[in-house]
Amino acid sequence: MLSKLRLLRPPVSSGSKILSAWESKNYSDKKNGSGKNNRGKTPPLIQDEFSTNSNSYSTSHSSESEKNYGWQNDSKNKQSFRNWSLFGGAIILSGTLYGIYHFDIMKQKKDDSNIIKETINAKKTRKLVQIPSLSESIPDNIQYLLIGGGTASFSAFRAIKSADPTARVLVISAEGYLPHMRPPLSKELWYGDDTEMAKSLSFHQWNGTSRSLFYEPEPFYTPVEELTTAKNGGISLARGWKVESINVSQKKVKLNDGKEISYDKCLIATGSIPKTLKLYDDASEEVKNKFSVFRSISDFEDLWEQLSHIKSIAIIGGGFLGSELAASLANKGKKNGVKIYQIFKEKGNMGKVLPNYLSQWTTEKVRNEGVEVVTETEVENCSLDNDKQRVNLVLSNGKNISVDHVIMAVGAKPNTELAADAGLEIDSKLDGYLVNSELQARTDLYIAGDCACFYDKQLGRRRVEHHDHAVISGRLAGENMAGAAKPYQHQPMFWSDIGPSVGYEAIGIVDSSLITMGVFAKGNHKDPSLLANETDQNTSTNKKEINEELVSKNNEYISENDYNKGVVFYLKNDVIVGIVLWNLFNRMSIARQVLKSDRCYKDLNEVAKLFNIHGDSS
């Protein structure tokens, strides 16, 4: 960006700079009382040197010589005077040119510094564009109203239009962007060499094809002003507008400017919002400007811009987002020499999800990407350095880290701010709107995505913050809004990519506090007998026979196994409640069947064979 901005500055020729300098000098002379009456005077230094040489010369000759050769001396004196004048002028000119050059460089640095500061604070002054610009253009009554412009809403309106082709659907989104997917913001968009492609929010998928972050282009949507008159209905977006409250009994919502909209059916799909640290909440505005969260397109664009001129970033958090970002930014920052730190209180990356041995192995892979991972540590305090350009993080391990920017990746919480006025119930433990099996919170009012707390008949009450859940719950809510009355029985899955060496898919309850058993392929051998069995040695277990059998294999394989490919089972009361497919893909249907069986397995090695760990489908 800086190089582009520099190109916008009008070029200035050297001649123009010299002219400006001499004009400045003349103005300075007049200001100091040395105007045109003093222009012919020789500078004091040159005059002193000339006077000394002249006196020395005249005392070594007779008066006759002075008389006979006076014209020669006078000529020599004039020549010497001209020489010294030229010499002095050269010095003045050199000094002036240096001053101009130094001034220009300092001005350029100051301009660049201002540009950097403006860039850093760009997100603070980013203006949210409202489309349409006036709420009068938004219909007063709507058949289907969707609050939130994310994946769940997208899935819902596709399902509604599929069931009811002439439906009129209005999506109200507080964001200024078209509905889009979020996972690539911390993964695929940071990889690849095509910068313009990333800036246009396009990326390469795992199969090599490219696609846009946005689900549909703008022409797909019906302009809001035309929604009520469109012959076949349509899907319209009111972007940059926010629903402030819901009156459930009257089936009305109120926008941030006071406008009221009546609806027949309504979906709340407001997603979740990033959590922040208390030390950030209590900090001054100057310090807060050095911190950010990461969730939206705006966050991605701001961070992408900052990466071009900052030299260090600290990421606080060792979960999905923190680990993905750490690896992605380290890869992207290699060209610019950007140092990436990752700080978290667990023993290893994804420590709350993965068993200890796999978490530590993953941490080494993240370090191999160039990330300085600081484990078992928390940030206790923060302040600006003396130059106020960097923030100093005081860690609980007694060390300090000074960085240009800090990203808080410490989890998210469901956006349930509409609950109070609407009288909707919030789960006291999991948070999120309580819904029935059809994702309904009240008559004609549905909830989907991150903010829904639903009942899983196999695993109990749950709230899931993953893409797959947003897709399926949004689709089901849309179908039910159109009259389907289906129960939500889907078992959501999720995936994560942490650098080029770690990719996994998971389903069910994957919690490192549970008993786990992992079966991994050893090397590249295809003999099933060469699978390595791993159990997490940091958890208590009531399956003593398995632990006793595998502990020797643990010690044998843990040092040599690369854990490149395998499956991890999570057990509760001897029943599989969660599965992680480690660098195994296209096997989620098998995992669903195993989880759905809801039974005790005597030999998990036999279950692991179902996943064909050495197969080629991954």
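Residues numbered from 1 in each chain as written. Predicted model: local features only at pLDDT ≥ 70, side-chain atom pairs only at ≥ 80, totals over all residues. Heavy atoms only, no water.

Undergrad: Give a description of the pattern of salt bridges that names residues and reports values.
TA: If you walk through the whole model with that rule in mind, you get 20 salt bridges. The shortest N-O distance in the salt bridge between Arg158 and Glu216 comes to 2.9 Å. On the criterion of sequence distance, the pair formed by Arg158 in helix α7 (residues 151-163) and Glu216 in the loop between β4 (210-212) and β5 (234-239) is long-range, its members being 58 residues apart. The exposure class of Arg158 is partly exposed, given its relative accessible area of 40%. For the salt bridge of Asp468 with Arg592, the shortest nitrogen-to-oxygen distance reads 3.8 Å. Here Asp468 is found in helix α15 (residues 467-481), whereas its partner Arg592 is found in helix α17 (residues 588-597), with 124 residues between them in sequence. According to the relative accessible area criterion, Arg592 is partly exposed, its value standing at 25%. (Salt bridge = Lys/Arg side-chain N within 4 Å of Asp/Glu carboxyl O. Helix = DSSP H or I, 4+ residues; strand = E, 2+ residues; numbered from the N terminus. Buried < 20%, exposed > 50% of the residue type's maximum accessible area, 1.4 Å probe, protein only.)

Undergrad: Any details on unusual backbone geometry? Residues and values, ideally.
TA: The residue after Ile131, namely Pro132, is reached through a cis peptide bond having omega 0°. If you trace the backbone, Pro132 turns up in the loop between α6 (122-125) and β1 (141-147). Positive phi, normally seen in glycine, also occurs at Met350, with a value near 60°. Its location among the elements puts Met350 in the loop between β12 (339-343) and α13 (356-368). Since its relative accessible area comes to 1%, Met350 is described here as buried. Even without a glycine there, the phi angle at Asn583 is positive, about 55°. With respect to the helices and strands, Asn583 occurs in the loop between β29 (575-582) and α17.

Undergrad: Go over the sheet that holds strand β15 (residues 391-395), please, and point to the residues and values.
TA: The sheet built from three strands is open, its strands ordered β14-β15-β16 with antiparallel pairing. With one partner strand each, in any of the chains shown, β14 (379-384) and β16 (400-403) form the two edges of the open sheet. Direction aside, neighbouring strands of the sheet carry axes that sit 20° apart on average. Sheet topology places β14 next to β15; five bridges connect them, and they run antiparallel. Bridged to Val379 within β15 is Leu395. (Pairing = 2+ DSSP bridges. Axes fitted to C-alpha atoms, helices over the stretch in contact; angles between N-to-C directions.)

Undergrad: Explain the layout of surface pockets to me, and be specific about the residues and the numbers.
TA: Of the voids in this model, the second largest pocket is the one considered here, and its volume is about 1,100 Å³. Contributing to the lining of the second largest pocket are 32 residues, with Glu188, Gln205, Trp206, Trp495 and Asp497 lying nearest its centre. Of all the secondary structure elements, the ones that give two or more residues to the lining of the second largest pocket are β3 (202-204), α12 (320-333), α15, β24 (493-498) and β25 (502-508). Split by residue class, the lining of the second largest pocket holds 13 nonpolar, 12 polar and seven charged. (1 Å grid on protein atoms, 1.4 Å probe; cavity = no way out; pocket = protein on both sides within 12 Å on 5 of 7 lines; lining within 4 Å. Points joined across faces, edges and corners; volume = space filled by probe spheres on them. Nonpolar A, V, L, I, M, F, W, Y, C, P; charged D, E, K, R; others polar.)

Undergrad: Explain the packing of α7 against α15 residue by residue, including any values.
TA: How two helices pack is summed up by the angle between their axes together with the distance between the axes. Direction vectors running N to C along α7 and α15 enclose 35°, while the axes themselves pass 7 Å from each other. Relative to α15, the crossing made by α7 is right-handed. Across the interface between the two elements, Thr151, Ala152, Ser155, Ala156, Ala159 and Ile160 of α7 pack against His467, Ala470, Val471, Gly474, Arg475, Gly478, Glu479 and Met481 of α15. When the residues that make up the contact of α7 with α15 are grouped by side-chain class, the tally is seven nonpolar, five polar and two charged. (Left-handed = near helix turned anticlockwise from the far one by under 90°. Contact = heavy atoms within 4.5 Å.)

Undergrad: Which residues make up the pairing of β12, and what values do they have?
TA: The buried count for β12 comes to four of five residues, which makes it a mostly enclosed element. Summarising the sheet, strand β11 (residues 312-316) and β12 pair through five bridges and their orientation is parallel. Residue pairing across strands places Ser312 opposite Lys339, the latter belonging to β12. In the classification by handedness, the crossover that spans β11, the intervening α12 and the parallel β12 is right-handed. Of the pairings in the sheet, the one linking β12 to strand β13 (residues 371-374) comprises four bridges and is parallel in character. Note on β13: the bridge partner recorded for Gln342 is Val373. Crossover connection from β12 via α13 to parallel β13: handedness right-handed. (Right-handed = clockwise from strand over helix to strand, strands pointing away.)

Undergrad: Outline the pairing of strand β22 (residues 452-456), supporting the account with residue identities and numerical values.
TA: Within β22, four of the five residues are buried, which leaves the element mostly enclosed by the surrounding structure. Direction of pairing for strand β19 (residues 433-434) relative to β22: parallel, over a ladder of two bridges. By the bridge assignment for β22, Tyr433 is matched with Ala452. The sheet contact formed by β22 and strand β23 (residues 460-462) spans three bridges and is antiparallel. The partner of Phe454 across the bridge, within β23, is Arg462. The hairpin turn running from β22 into β23, its antiparallel successor, is three residues long.

Undergrad: Tell me about α15, and please be specific about residues and values.
TA: Spanning 15 residues, α15 covers 21 Å between terminal C-alpha atoms, matching the ideal 21 Å at 1.5 Å per step. In terms of residue burial, α15 counts as a mostly covered element, since 12 of its 15 residues are buried. Taken together, the buried positions of α15 are Asp468, His469, Ala470, Val471, Ile472, Ser473, Gly474, Leu476, Ala477, Gly478, Asn480 and Met481. Gly483 sits one or two residues past α15 and shows a positive phi near 105°. (Expected span 1.5 Å × (residues − 1).)

Undergrad: I'd like to hear about the environment of Ala591, residue by residue, with values.
TA: The topology assignment puts Ala591 in helix α17. What makes Ala591 buried here is its relative accessible area of 0%. Through-space distance from the C-alpha of Ala591 to that of Phe611 is 8.2 Å; in sequence the pair is 20 residues apart. Ignoring any residue separated from it by four or fewer positions in sequence, one finds Ala591 in contact with Ile507, Ile579 and Phe611.

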